[in-house]
Amino acid sequence: MKNSVYARLIAAFFLTIFGTSVLAESRIAVLVFELKDLTLAPGIPQELERTASIKPQLEAELTTLGNDIVETDFASQQKANAGTGYLFDHHDVAAKLGKQFDADYILVGRLHKPSFLFAYIMGHLIRVDDGKLIADYTFEAKGPNQFQTNKTVKTLAKAIDKDLKRLSSLSD
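Below or above, wherever it landed, is the structure these notes cover. Computed from a prediction, not measured in an experiment: that's the story for all the values here.

### Re the overall build of the chain
Line of reasoning, step 1. If you tally the helices and strands in the chain, you get six helices and six strands.
Line of reasoning, step 2. Along the chain, helices (α) and strands (β) appear in the sequence α-β-β-α-β-α-α-α-β-β-β-α when read from the amino end.
Line of reasoning, step 3. Buried residues in the chain amount to 44% of all 172 residues.
Line of reasoning, step 4. In the chain, 61% of the contacts between residues at least 6 apart in sequence involve partners at least 24 apart.
Line of reasoning, step 5. When the accessible surface of the chain is split by element, carbon and sulfur atoms take 60% of a total near 9700 Å².

### What about the packing of helix α2 (residues 45-64) against helix α6 (residues 146-171)?
Line of reasoning, step 1. Put simply, α2 and α6 touch, their axes get as near as 9 Å, and they point 40° apart. By the angle class used here, α2 and α6 are oblique. Note that α2 runs across α6; the crossing there is right-handed. Of α6, the residues touching α2 (which contributes R50, S53, I54, Q57, L58, E61 and L62) are Q146, T149, N150, V153, K154, L156, A157, I160 and D161.
Line of reasoning, step 2. When its residues are assigned to classes, the contact of α2 with α6 shows seven nonpolar, five polar and four charged.

### Examining the packing of aromatic side chains
Line of reasoning, step 1. This model, assessed by the stated rule, comprises one aromatic pair.
Line of reasoning, step 2. Judged by centre distance (5.4 Å) and plane angle (70°), the ring pair of F118 and Y120 falls under edge-to-face.
Line of reasoning, step 3. The exposure class assigned to F118 is partly exposed, which follows from its relative accessible area of 24%.

The rules behind these values
- Residues numbered from 1 in each chain as written.
- Predicted model: local features only at pLDDT ≥ 70, side-chain atom pairs only at ≥ 80, totals over all residues.
- Heavy atoms only, no water.
- Helix = DSSP H or I, 4+ residues; strand = E, 2+ residues; numbered from the N terminus.
- Buried < 20%, exposed > 50% of the residue type's maximum accessible area, 1.4 Å probe, protein only.
- Contact = heavy atoms within 4.5 Å.
- Areas by Shrake-Rupley, 256 points an atom, 1.4 Å probe, with all protein chains shown as cover.
- Axes fitted to C-alpha atoms, helices over the stretch in contact; angles between N-to-C directions.
- Parallel < 35°, antiparallel > 145°, perpendicular 65-115°, else oblique.
- Left-handed = near helix turned anticlockwise from the far one by under 90°.
- Nonpolar A, V, L, I, M, F, W, Y, C, P; charged D, E, K, R; others polar.
- Phe/Tyr/Trp six-rings, centres within 6.5 Å; stacked < 30°, edge-to-face > 60°.

Geometric descriptors of this kind do not, in isolation, establish any biological role.
Okay, structure coming up:
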């Protein structure tokens, strides 16, 4: 009985000491998604609204999954962006922007719409310390409806969360 109490105290001590590093989540900044619309009627209000809805929903999903979201401002994103697709293609510049926000990782996203029938929600997860592309995500959203977009954003959030947890476990 006495040994059992000591064993529980020792286990509680180690969980207190080492368990906190497992619970510490990485800080992730999510940028405003850009629309790359290749259809014959690009930039219609419905697509602009759909694109604008992705960042807040993704941040909410990532928060629900236990991630630490870093606040970003669009003015800083615009200042760092030299043109459409620039931050998406230049991970080093995106990483510098992530440092401004004191983030560990930054997600640069795009809604790529090659057709009226489907679009791709894409994201690049970049480690801020070295500007390395950690993950490249592409998920298809069929049709222009918001339900399908919401479902695809949830899938993206789960993939990002899985990668962040894997990276966190590697650094422990």
